[in-house]
Amino acid sequence: LEIKAPHFQEVVDFCKQESVELVIVGPEQMLADGLADVLSSNGIQVFGPSQSAAEIESSKAYAKAFMQRHSIPTAEYKSFKGKESLQGALEYIDSRPYDVVVKASGLA
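Residues numbered from 1 in each chain as written. Predicted model: local features only at pLDDT ≥ 70, side-chain atom pairs only at ≥ 80, totals over all residues. Heavy atoms only, no water.

Chemist: Explain the overall build of the protein to me, using residue names and the numbers behind them.
Modeler: Helices and strands together make up the secondary structure of the protein, namely six helices and two strands. Counting only residues that meet the buried cut, the protein has 21% of its 108 residues in that class. Partitioning the contacts of the protein with sequence separation of at least 6, the portion at a separation of at least 24 is 39%. Accessible surface computed for the protein: about 8000 Å², of which carbon and sulfur atoms make up 53%. (Helix = DSSP H or I, 4+ residues; strand = E, 2+ residues; numbered from the N terminus. Buried < 20%, exposed > 50% of the residue type's maximum accessible area, 1.4 Å probe, protein only. Contact = heavy atoms within 4.5 Å. Areas by Shrake-Rupley, 256 points an atom, 1.4 Å probe, with all protein chains shown as cover.)

Chemist: So what's going on with the packing of aromatic side chains? Residues and values would help.
Modeler: Applying the stated criterion across every chain yields a total of two aromatic pairs. Summarising the aromatic geometry, the rings of Phe-80 and Tyr-92 are spaced 5.9 Å apart at their centres and angled 50 degrees between planes, so their arrangement reads as tilted. In this pair, Phe-80 sits in the loop between helix H5 (60-69) and helix H6 (86-95) while Tyr-92 sits in helix H6, placing the two residues twelve residues apart along the sequence. (Phe/Tyr/Trp six-rings, centres within 6.5 Å; stacked < 30°, edge-to-face > 60°.)

Chemist: I'd like a rundown of unusual backbone geometry, residues and numbers included.
Modeler: For the peptide bond that leads from Gly-26 to Pro-27, omega is 5 degrees, which places it in the cis range. Within the element layout of this structure, Pro-27 appears in the loop between strand E1 (22-24) and helix H2 (28-32). Although it is not a glycine, Ser-19 sits at a positive phi angle of roughly 55 degrees. Structurally, the position occupied by Ser-19 is in the loop between helix H1 (9-17) and E1. You can call Ser-19 exposed: its relative accessible area is 56%.

Chemist: Can you lay out the pattern of salt bridges for me, pointing to particular residues and giving the numbers?
Modeler: Taken as a whole and judged by the stated rule, the model has one salt bridge. Ionic pairing is found between Arg-96 and Glu-76, a salt bridge with its closest N-O pair at 2.8 Å. Within this pair, whereas Arg-96 is found in the segment after H6, its partner Glu-76 is found in the loop between H5 and H6, the two being separated by 20 residues in sequence. (Salt bridge = Lys/Arg side-chain N within 4 Å of Asp/Glu carboxyl O.)

Chemist: Before we move on, could you go through the side chain of Lys-64 and cite the residues and values that matter?
Modeler: Here Lys-64 is to be found in helix H5. For the buried Lys-64, which has no salt bridge, the nearest side chain bearing the opposite charge is Glu-76, at an N-O separation of 9.7 Å. Each residue touching Lys-64, except ones within four places of it in the same chain, is listed here: Thr-74, Ala-75 and Tyr-77. (Lys, Arg positive; Asp, Glu negative; His and termini not counted.)

This is how it looks when you write it as C-alpha cells:
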C-alpha cells in the first residue's frame, strides 16, 4: 500500500477493511506528517507519537529550543533560516573559539 501524506484515508480504509487492530508507524516521516493522529482519530490503535510530539525528532531547531526551555543539558546552538541569514550564520561560525557542527533541520 503506497502511503502519501496528507492523504491517509487509504490507510484508514485498509485498516478497517482488514480489521487491523494496531498499527506501528514508521518511518519517521509518516509520524512527522501526522499518520498516527489520523489513525487514532479514526479509532485505530496506533503505536507512535502524535504529529506534535514527533516534532522533537523532525525539527532540530524545535528539539534544541525544547531542551533549552526545560534545562536539559545540550550543546550551545543557534538557528538560522533562509538564504537571507547566511551571512549571520557564517559570522557566528567564525566567532566561535571551537569547531562548529552545522545541521539542517528536518529528518535525515
